[in-house]
Amino acid sequence: MTLVKEILLAFRPKTLTAALVPCVAATALAFALGPIVDGWAFFYALMAAFFIQIGTNLVNDSVDFVKGADTSARIGPRRITAAGVMKSHHVMWLATICFLTAVVFGVPLVLKGGWVIVAIGIASVLMGYSYTAGPFPLAYLGLGDLFVILFFGIIAVMGMFFIHTGRFPFEAFWLGLQIGFHATVLIAINNLRDRVGDAKVGKKTLAVRFGETFSRWEITLLLLAPFAMNLYWWPLGFAWAVWLPLVALPLALILVKKVHRTPPGPVYNRFLGMAAGVHLLFGLLLSLGLWRG
C-alpha cells in the first residue's frame, strides 16, 4: 500500500459523513425557512468541517498510539501510527496542517458571520485537538459522546444555519440534535468494540465506565430517537421531512439487532459502516424532506 493511500485511509473517509450531513441539513433548513442560501458559504463551511474532522482523526491516531490504546493487536481499522507507517509526531504535524487549512477556509465565513463564527471556529479546532490530546482529553474522560453531539450536531447545524441567515432558531437546534445523535452512534460503536483495550490503558469511555449493556442501549437510543423526533416537523408543515427519513429505519433496526446479539469484535468494523450509512441516508432524506416541504 502506498504512503498516499495509507494517509488517505487515516483520514477515515467513512466517518466524514459526520461533517457532510450537518452542512447539508442546515442548508436545507435555511432554504425551507428562508429561502436564504449562500452557496459559497456552504462550500467554505463544508471544507472547514472536513479538515477539522480529519485533523481530529489524525490526532486520535497519533495520541492513542502514544498512550497505548492502539497497538498491533487492535481489532479496529488499521491506524498509520500503530502500524508504523508514520511516526506519531509526523502524524501530529499532518493534523496541524489540516487544522490550519480549516482556518483558511473559515476566513470567508468570519468575514460574513463575524465574531460568532470566530468563536465557533476556535472552539471547534480546540475541541478537535482536545478530543484525545491535551491535559483534559475528552475521549479519555468519557466525554467523547457529548463532544460529538455538540460539535457534529448542534453547533455544526446551528453554525451553518447562522451563516446562511444570521439567526439561531429552535428549529436549527432540534435538527442539530437529530443529526448529532446519529453521528454519535459511530463513536459509541467504536468504544463498545474497543472497551477491553481502552480499559487497560485508562481510556474511560462510557463503554468502559458503564459496561456493554449500557453501550448497547445507548446505541439503540441514539439510532432510533431521531426517527421519533421527526414528528416535530409535522405541525410546522414539513410532512415530507417526517416520512422520507423512515426509508433509513430498516437499516437502523438491523444495526440495533446486530449490536445486541453480537459480542464486540472485528465485525463491529462493519457495523461502523452501517452506522455511517444510517447517518448519511437519514440526514440526506431529512434534508430533502425539509427542502420539499
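Anyway, here's the lowdown on the structure attached to this text. (Residues numbered from 1 in each chain as written. Predicted model: local features only at pLDDT ≥ 70, side-chain atom pairs only at ≥ 80, totals over all residues. Heavy atoms only, no water.)

Some remarks on the pattern of salt bridges
Move 1: Per the counting criterion, the structure on display carries 4 salt bridges.
Move 2: The shortest N-O distance in the salt bridge between Arg193 and Asp194 comes to 2.7 Å. You'll find Arg193 and Asp194 in the same group, each marked buried.
Move 3: Across the pair Glu212 and Arg195 runs a salt bridge, and its minimum N-O distance is 3.3 Å. With a gap of 17 residues between them, Glu212 in helix 9 (residues 206-229) and Arg195 in helix 8 (residues 195-200) connect regions that are remote in the sequence.
Move 4: Here Glu212 falls in the partly exposed class, since its relative accessible area comes to 26%.
Move 5: Residue classification places Arg195 among the partly exposed positions, given a relative accessible area of 23%.
Move 6: One salt-bridge network, held together by shared partners, links Arg195, Glu212 and Arg216. (Salt bridge = Lys/Arg side-chain N within 4 Å of Asp/Glu carboxyl O. Buried < 20%, exposed > 50% of the residue type's maximum accessible area, 1.4 Å probe, protein only. Helix = DSSP H or I, 4+ residues; strand = E, 2+ residues; numbered from the N terminus.)

Observations concerning the packing of helix 3 (residues 39-66) against helix 4 (residues 88-113)
Move 1: Where helix 3 contacts helix 4, the two axes come as close as 8 Å, and the packing angle between them is 160°. Considered as vectors, helix 3 and helix 4 are oriented roughly antiparallel to each other. With respect to the hand of their crossing, helix 3 and helix 4 are arranged in left-handed fashion. (Axes fitted to C-alpha atoms, helices over the stretch in contact; angles between N-to-C directions. Parallel < 35°, antiparallel > 145°, perpendicular 65-115°, else oblique. Left-handed = near helix turned anticlockwise from the far one by under 90°.)

Focus on a nonpolar patch on the surface
Move 1: Together, Phe136, Leu141, Leu143, Leu146 and Leu150 make up an exposed nonpolar region whose accessible area comes to about 460 Å².
Move 2: Mapped onto the fold, Phe136 is located in the loop between helix 5 (115-130) and helix 6 (144-165). (Patch = residues over 30% accessible without salt bridge, like charges linked within 9 Å, V, L, I, M, F, W, Y side chains within 5 Å. Areas by Shrake-Rupley, 256 points an atom, 1.4 Å probe, with all protein chains shown as cover.)

Overview of the side chain of Ser124
Move 1: Position of Ser124 relative to the elements: it lies in helix 5.
Move 2: Looking at Ser124, its side chain comes within polar contact range of the main-chain oxygen of Ile120, at 2.7 Å.
Move 3: Ignoring anything within four residues of it in the chain, the contact list for Ser124 reads Ile52 and Phe151. (Polar contact = N/O pair within 3.5 Å; in protein donor to acceptor, adjacent residues only side chain to side chain. Contact = heavy atoms within 4.5 Å.)

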